[in-house]
Amino acid sequence: RTLIGGGSRGHDKYGEFEVVVSEPAHALMRGVPAKFALQDELYYFEPDAQGSPIKVLATAHSKSKSKSYPQVFIVEQPQGRVVGITLGHDAAAHDHVAYIQLLRNAVVWTAGKETK
């Protein structure tokens, strides 16, 4: 609740889904396509109303739940930078160009080294 602003208690079965970027101007999303499809497990991340606030940067829609869930987000922590990425559960996701870019951006952003 405090560290990541919520949690997940399940996910869709492994399969293809589309991730949609909602905050393309954020440093974490630089070089990431506005929409991309990948094979993975779509986690049902739920923000906790009593937890640290989050800013959602990308979502995906679960067909089984008929609901969209955060896939990339930042936690608005006053004492540091926290990134949540619910993607990346196997080699297929790890090799995806958008996922690789997200990881690179996350390392740079959390270190406070993003370009203005």
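## Considerations on the layout of surface pockets
Okay, step 1: One number sums up the size of the largest pocket: a volume of about 220 Å³.
Okay, step 2: Lining the largest pocket we find 13 residues, and of these Glu16, Phe17, Glu18, His61 and Lys63 sit closest to its centre.
Okay, step 3: Ranked by residues supplied to the lining of the largest pocket, first place goes to strand 2 (residues 15-21) with five residues.
Okay, step 4: A per-class count over the lining of the largest pocket returns four nonpolar, four polar and five charged.

## Some details on the environment of Val75
Okay, step 1: Within the secondary structure, Val75 is located in strand 6 (residues 67-75).
Okay, step 2: For Val75 and Pro53, which are 22 residues apart along the polypeptide, the C-alpha to C-alpha distance reads 6.0 Å.
Okay, step 3: Not counting residues up to four positions away in its chain, the partners in contact with Val75 are Leu3, Ile4, Gly5, Ser52, Pro53, Ile54 and Val82.

## Notes on the pattern of salt bridges
Okay, step 1: Throughout the structure, instances matching the rule amount to one salt bridge.
Okay, step 2: A salt bridge links Glu46 to Lys67, with the shortest nitrogen-to-oxygen separation between them at 2.9 Å. Residue Glu46 is located in strand 4 (residues 43-47), and its partner Lys67 is located in strand 6; the two are separated by 21 residues in the primary sequence.
Okay, step 3: With a relative accessible area of 34%, Glu46 lands in the partly exposed category.

Criteria and thresholds
- Residues numbered from 1 in each chain as written.
- Predicted model: local features only at pLDDT ≥ 70, side-chain atom pairs only at ≥ 80, totals over all residues.
- Heavy atoms only, no water.
- 1 Å grid on protein atoms, 1.4 Å probe; cavity = no way out; pocket = protein on both sides within 12 Å on 5 of 7 lines; lining within 4 Å.
- Points joined across faces, edges and corners; volume = space filled by probe spheres on them.
- Helix = DSSP H or I, 4+ residues; strand = E, 2+ residues; numbered from the N terminus.
- Nonpolar A, V, L, I, M, F, W, Y, C, P; charged D, E, K, R; others polar.
- Contact = heavy atoms within 4.5 Å.
- Salt bridge = Lys/Arg side-chain N within 4 Å of Asp/Glu carboxyl O.
- Buried < 20%, exposed > 50% of the residue type's maximum accessible area, 1.4 Å probe, protein only.

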